[in-house]
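Below, each chain spelled out in residue letters.
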Amino acid sequence: MSRMGDVLAGFHAAWEFESDSVLIRYERGIRTPKLFQALGERRVPLDAIAGVTLTRGKRGTVVLRVEPRPGADPLMEAAAGQLKESGDPYRLVMPAEREVLAEYYADELRALLTESGPADRFLVEPPKGPLSFKAYDGKASFDGRTVNFRWFWTGASSAKWKAGDQNFPVGELNGVEWRSPEVFEGHLRLLHRDTGASAAQADQDPAAVVFGLGYGPVHESLPFAAAVLAAVRTSSPVAAVTAGGPRRDPADIAERIRHLGELHQAGLVTDEEFSVKKAELLAEL
């Protein structure tokens, strides 16, 4: 960059440009997305960045965005494309009158990028632990070595009560499956190294917590998933994250679509949510 320590401020965040990285500091204002507040700040090494874009935004704004390399950031790997645009931690939104300045920094940053393509390891530090959050059916906690699920009697299924509270050393895990709480059937599922993902629905699987309406918000569950994923990768370089899991039994898919239709008819799922989720379920066949 032109000078080490240059700062470019926007709505909800400020980017500090260093010789080898970009330090993103998120505000804690009432309008700042809660995910950003939970992250606090993130240092993104230049070798974790594949490209830089500058586009016109909404309501007289411009958007500067760095494109992380696939596999470079555990947070984005865990999110698996499910974050809304407003929740993208790599976007800096600024007033349109700062477009010339933003373009200058975009050009300066592009000139320093030397890497492209998938990264062979995580280059962005994961959220720091210990971490925990309350889901609909239990509390999940992670101390850096073991994931613990403690069931709530008010929400946990009989299958989970029968299995009892669960402890999962990261050395026994192969990855994490995170479904956004903002869509139907949001959950966090741990994938066992030997068995992978269970075919059971998340509310019946002792290796998963379900978010339910109003539970397990993105700003708590996603950093949690990213931290677990990073620990799993450190324990086993071949471990992976998945957003979909293995192919499901057709009868199970049909039952889930029927249940989805009932929720839709009851007005608990919008037309858009019904169409999107039905397409996702059919894609698993």
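Residues numbered from 1 in each chain as written. Predicted model: local features only at pLDDT ≥ 70, side-chain atom pairs only at ≥ 80, totals over all residues. Heavy atoms only, no water.

Novice: Give a detailed account of the pattern of salt bridges, specifying residues and quantitative values.
Specialist: By the definition in use, this model includes 13 salt bridges. Asp137 serves as the salt-bridge partner of Lys160, at 2.5 Å between the closest nitrogen and oxygen. Highlighted residues: Lys160 in helix H4 (residues 158-163) and Asp137 in the loop between strand E8 (131-134) and strand E9 (138-142), separated in sequence by 23 residues. Judged by its relative accessible area of 0%, Lys160 falls in the buried class. Salt bridges linked by common partners bring Glu16, Arg25 and Glu41 together as one network. (Salt bridge = Lys/Arg side-chain N within 4 Å of Asp/Glu carboxyl O. Helix = DSSP H or I, 4+ residues; strand = E, 2+ residues; numbered from the N terminus. Buried < 20%, exposed > 50% of the residue type's maximum accessible area, 1.4 Å probe, protein only.)

Novice: Which residues make up helix H5 (residues 218-235), and what are the values?
Specialist: It helps to recall that an α-helix has 3.6 residues per turn; residues three or four apart then point in one direction. Here H5 contains 18 residues, and its C-alpha end-to-end distance of 25 Å stays within 8% of the 26 Å for a straight helix at 1.5 Å per residue. The buried count for H5 comes to 13 of 18 residues, which makes it a mostly enclosed element. (Expected span 1.5 Å × (residues − 1).)

Novice: If you had to explain the packing of aromatic side chains to someone new, which residues and values would you point to?
Specialist: For the structure shown, the criterion picks out nine aromatic pairs. Summarising the aromatic geometry, the rings of Phe133 and Phe224 are spaced 5.1 Å apart at their centres and angled 85 degrees between planes, so their arrangement reads as edge-to-face. Here Phe133, found in strand E8, pairs with Phe224, found in helix H5; they are 91 residues apart in sequence, far enough to count as distant. Pair check on accessibility: Phe133 and Phe224 agree, each one buried. (Phe/Tyr/Trp six-rings, centres within 6.5 Å; stacked < 30°, edge-to-face > 60°.)

Novice: So what's going on with the sheet that holds strand E11 (residues 166-169)? Which residues, and what values?
Specialist: The strand order across the open sheet formed by four strands is E8-E9-E10-E11, and the pairing between neighbours is antiparallel. Two strands in the sheet have a free side with no partner beyond their single neighbour: E8 and E11. Taking each pair of neighbouring strands and ignoring which way they run, the sheet shows an average axis angle of 10 degrees. As paired strands, E9 and strand E10 (residues 146-151) are joined by five bridges and run antiparallel to one another. (Pairing = 2+ DSSP bridges. Axes fitted to C-alpha atoms, helices over the stretch in contact; angles between N-to-C directions.)

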